[in-house]
Amino acid sequence: MTDAGDGRPTLRAGLAERQAELVAALVAGGPPPAGFAPGPLAATRAALLRKRAGDVARHWPLLAAGLGVGWSTTFADWAARRPTAGSLRDGWDLARALRDQHALPPSAAEELAVREARLRYDGRRAPRPRRMPAVGRAGGAVAVQIAGRVRLLRPGPRP
């Protein structure tokens, strides 16, 4: 905290710290701040996770559809301790995590392969379009991008 020149913390600095604690508790799995009732805080956190899951599902429809009724639970478990990086990046990170666990549905593998071929994403910065020919692979699906067009060469294996 900063002080007002006489050694006392300013109200603005104290408020900023309290707000940061509240945001961390709501979106990043932080501990509940002092003075907040845990029940309403948990309900707000769950509502924000549902909203975030809906936003990600709009950017990654095949991922959400592939997980079916388990979409909300899978996303909430994955996102509970991660602050959002945006819907596109959240879905991308979740799809990569599921791929690494060999739990990515075939349709989502195709969606991820197409995204990997079309865009460059390193997990830290925003995705950028690829300029050169590129190949995306995920869960058996292979997509190729040449001259800005993406073709799915091999779809993901179906059960």
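So, how was this worked out
Residues numbered from 1 in each chain as written. Predicted model: local features only at pLDDT ≥ 70, side-chain atom pairs only at ≥ 80, totals over all residues. Heavy atoms only, no water. 1 Å grid on protein atoms, 1.4 Å probe; cavity = no way out; pocket = protein on both sides within 12 Å on 5 of 7 lines; lining within 4 Å. Points joined across faces, edges and corners; volume = space filled by probe spheres on them. Helix = DSSP H or I, 4+ residues; strand = E, 2+ residues; numbered from the N terminus. Nonpolar A, V, L, I, M, F, W, Y, C, P; charged D, E, K, R; others polar. Contact = heavy atoms within 4.5 Å. Buried < 20%, exposed > 50% of the residue type's maximum accessible area, 1.4 Å probe, protein only. Pairing = 2+ DSSP bridges. Expected span 1.5 Å × (residues − 1).

Chemist: Can you help me understand the layout of surface pockets in this one?
Modeler: Which parts of space are left empty comes out when a probe the size of a water molecule is rolled across the atoms. Roughly 170 Å³ of internal volume is contained in the largest pocket. What lines the largest pocket is a set of 13 residues, among which V27, L48, L49, R52 and T84 lie closest to the centre. Contributions of two or more residues to the lining of the largest pocket are made by α1 (11-27), α2 (38-59) and α5 (87-100). A per-element tally of the lining of the largest pocket places α2 first, with six residues. Broken down by class, the residue content of the lining of the largest pocket amounts to six nonpolar, two polar and five charged.

Chemist: Mind showing me how you'd approach the environment of A24 here?
Modeler: Inspection of the secondary structure assignment puts A24 in helix α1. Distance in space between the C-alpha atoms of A24 and R82 is 9.7 Å, their sequence separation being 58 residues. Beyond its immediate chain neighbours, meaning those up to four positions away, A24 contacts G29 and G30.

Chemist: What should I look at first to understand the pairing of strand β3 (residues 134-138) in this one?
Modeler: The side chains of a regular strand alternate between both faces of the sheet. Side chains A134, G136 and A138 project from β3 onto a buried face, and the interleaved V135 and R137 project onto a face without burial. Relative to strand β4 (residues 141-146), β3 runs antiparallel, the two sharing five bridges. Bridge pairing in β4 places V135 opposite V144. If you look at the hairpin formed by β3 and β4, you'll find two residues sitting between the two strands, and G139 has a positive phi there, around 50°.

Chemist: Explain α5 here, please?
Modeler: Count 3.6 residues to each turn of an α-helix, and residues three or four apart come out pointing the same way. The terminal C-alpha atoms of α5 lie 20 Å apart, and with 14 residues this matches the ideal 20 Å at 1.5 Å per residue to within 8%. Residues S87, R89, D90, G91, W92, L94, A95, R96 and L98 constitute the buried set of α5. Residues of α5 that are buried sit in contact with α2, α3 (61-67), α4 (71-79), α6 (106-118) and β1 (119-120). Just downstream of α5 lies H102, where phi reads positive at about 60°.

So yeah, pure geometry; function would need other evidence.
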